[in-house]
Amino acid sequence: MPILSIIVPVYKAEHVLEKCVRSIFAQTMSDWELLLIDDGSPDGSGKLCDAFASQDSRVRVFHKSNGGVSSARNLGMEQAQGDYIQFVDSDDFIEPTMCRILYDALTAAGADSSGCAHYNVLPNGEKWVEPGAMPAGVYGKEAVRHSVVDRLLGQRLGKSGEILNGYIWRFLFSRKLLRKHDLRFSGAYLEDDLFLMEYFCLSEKLAMVDVPLYYYQQNPASVTRNYLADYMDIFRAFMEKKRILVERYGLSADDPMWVENSNWAGLLIAVSNEYAPGNPASPGEKKHRVEAFTLEKDMAEAIRKLHPRGMGKNKQLVADLICRRWFGILTLLYTVKNRRK
């Protein structure tokens, strides 16, 4: 049995998969298996996966109908044979030493998980380091709950770099722990946050290194132009699952304002999504929908109880306009912003 199972969901990845897989082949630690999960990709990704499997016996390929990244990861976990699981996204790549460093840190500490920092990479090649979830060191259950779970629970407002993102690919996970508690991904958005919250409620020890080992490819243009027509439905489902986790693990005492913080964070994303250039609605329709979001019971309660402070300039402006209910100005500012793109 391999020590590590590396799971890569694949969908429309024909032009990026080669770099990702080659970075895994280049690992200084050789005791791994690579599970390529072809999630019904309509391009040539599936054939590429099969080609990689023909080159290296450690590669296993699974072809399935399209069901989203969560279903692909879940299939990978079901089929994994390694003691530990690592996730890599198909458009990203990793340092040759990533598997070795994370595994050595984990075993030296007697931990069930390890984590690292990563590089954010722009299309022009510019990159910068984002620190890991915690500084380098070995942490027990309570420290991890405070610095990882609590931050994912309610500390969702602040400047860029202050908020903990639910990047699962920065960690090694214990397959034994995952199977014992039947942990799975659920949903098409924000699923990583829920997975990390539950996993780190159950794990006993985390070993952190401060070395950036993962290259996270970012495309700001696509992020600002993509539009999710059902975003609010997705967010409501996310909040319901989050409430279940809070009750299951008794997390509400850690942050009594977690609901308001989470709803505000979700509302700010909803506003950005609604005004995305990819939304075909008219400015007036967008304004009406944003105003309707703020009148929903949970959102209205969050606005009444909490006025966010200390965020980045743009987010702070949006929050201030929402609190004043100046939706016309908000719409005008986004309309001008989009014309400049």
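Refer to the structure above for everything that follows.
Let me sum up the structure you'll find in this document.

What counts as what
- Residues numbered from 1 in each chain as written.
- Predicted model: local features only at pLDDT ≥ 70, side-chain atom pairs only at ≥ 80, totals over all residues.
- Heavy atoms only, no water.
- Helix = DSSP H or I, 4+ residues; strand = E, 2+ residues; numbered from the N terminus.
- Buried < 20%, exposed > 50% of the residue type's maximum accessible area, 1.4 Å probe, protein only.
- Areas by Shrake-Rupley, 256 points an atom, 1.4 Å probe, with all protein chains shown as cover.
- Lys, Arg positive; Asp, Glu negative; His and termini not counted.
- Charge placed at Lys NZ, Arg CZ, Asp CG, Glu CD.
- Pairing = 2+ DSSP bridges.
- Expected span 1.5 Å × (residues − 1).
- Salt bridge = Lys/Arg side-chain N within 4 Å of Asp/Glu carboxyl O.
- Contact = heavy atoms within 4.5 Å.
- Core = buried A, V, L, I, M, F, W, Y, C linked by side-chain atoms within 4.5 Å.
- Phe/Tyr/Trp six-rings, centres within 6.5 Å; stacked < 30°, edge-to-face > 60°.
- Lys NZ or Arg CZ within 6 Å of the ring centre and 35° of its normal.

Once that is clear, we can look at the overall build of the protein. From N to C terminus, the protein includes 14 helices and ten strands. Counting only C-alpha atoms, the protein reaches 60 × 45 × 35 Å along its principal axes. Counting all 341 residues of the protein, 52% fall into the buried class. Carbon and sulfur atoms provide 52% of the accessible area of the protein, an area that totals close to 15,600 Å². Across the protein, the 43 positively charged side chains and the 43 negatively charged ones have centroids separated by 5 Å.

A few words now on the pairing of strand β10 (residues 205-217). Pairing of strand β5 (residues 93-94) with β10 involves two bridges; the strand directions are antiparallel. Bridge pairing links Phe93 to Tyr215 in β10. For strand β6 (residues 113-121) and β10, the ladder comprises eight bridges, and the chain directions are parallel. From the neighbouring strand, His118 faces β10, where its bridge partner is Tyr214.

The subject of this paragraph is helix α7 (residues 191-202). For α7, with twelve residues, the first-to-last C-alpha span of 17 Å sits near the 16 Å given by 1.5 Å per residue. For α7, the tally of buried residues reaches twelve of twelve residues, placing the bulk of the element in the interior. Turning to α7, its buried residues number three or more, namely Glu191, Asp192, Asp193, Leu194, Phe195, Leu196, Met197, Glu198, Tyr199, Phe200, Cys201 and Leu202.

According to the stated counting rule, one finds 21 salt bridges in the structure shown. Among the salt bridges present, the one from Asp298 reaches Arg243, with a minimum N-O distance of 3.3 Å. Of the two residues, Asp298 is situated in helix α12 (residues 297-305) and Arg243 in helix α9 (residues 231-249); the sequence distance between them amounts to 55 residues. With a relative accessible area of 23%, Arg243 lands in the partly exposed category. In this structure, the salt-bridge partner of Arg304 is Glu301, at a minimum N-O distance of 2.8 Å. Linking Arg304 with Glu301, this pair stays in helix α12, spanning three residues, or about one helical turn.

With the exception of glycine, most residues fall at negative phi, and the peptide bonds are largely trans. If you check the backbone angles, Asp182 has positive phi at about 50° while not being a glycine. Checked against the element boundaries, Asp182 lands in the loop between α6 (175-180) and α7. Looking at Asp182, the relative accessible area reads 54%, which means it is exposed. With phi around 60°, Arg325 is a residue other than glycine that occupies positive phi space. Here Arg325 shows up in the loop between α13 (313-324) and α14 (327-339). With relative accessibility at 34%, the residue Arg325 sits in the partly exposed group.

Summarising the element assignment, Ile6 is placed in strand β1 (residues 4-10). When residues no more than four places from it in sequence are discounted, the contact partners of Ile6 are Ile24, Trp32, Glu33, Leu34, Leu35, Gln86, Val88 and Cys99.

Grouped together as the largest cluster of nonpolar side chains are 69 residues, with contacts concentrated most on Phe173, Phe200, Trp264, Val271, Ile322 and Leu330. The residues contacting Val271, other than those within four sequence positions of it, are Val290, Val318, Ile322, Leu330 and Tyr334. Grouped together as the second largest cluster of nonpolar side chains are 38 residues, Leu4, Ala13, Phe25 and Val59 included.

Moving on, we come to the packing of aromatic side chains. Aromatic ring pairs: the centre-centre distance and the angle between the two ring planes describe each pair. Throughout the structure, instances matching the rule amount to 21 aromatic pairs. Plain terms: the ring middles of Phe173 and Tyr199 are 4.8 Å apart, the flat faces sit at 90° to each other, and that makes the pair edge-to-face. Note that Phe173 is positioned in strand β9 (residues 171-174) and Tyr199 in helix α7, a separation of 26 residues in sequence. With respect to class, Phe173 is no different from Tyr199; both count as buried. Grouped by ring-pair contacts, the aromatic residues Phe87, Phe171, Phe173, Phe185, Phe195, Tyr199 and Phe200 constitute a single cluster. Here the basic side chain of Lys19 rests over the ring of Phe93, its NZ or CZ set 4.2 Å away from the ring centre. Geometry around Tyr119 places Lys127 over its ring, the cationic atom sitting 4.5 Å from the centre.

Here β6 runs beside strand β7 (residues 127-130); their pairing, made up of four bridges, is antiparallel. Pairing of Val121 across the sheet is with Lys127, part of β7. Counting the residues in the hairpin turn of β6 and β7 gives five residues, including Gly125, whose phi is positive at 95°.

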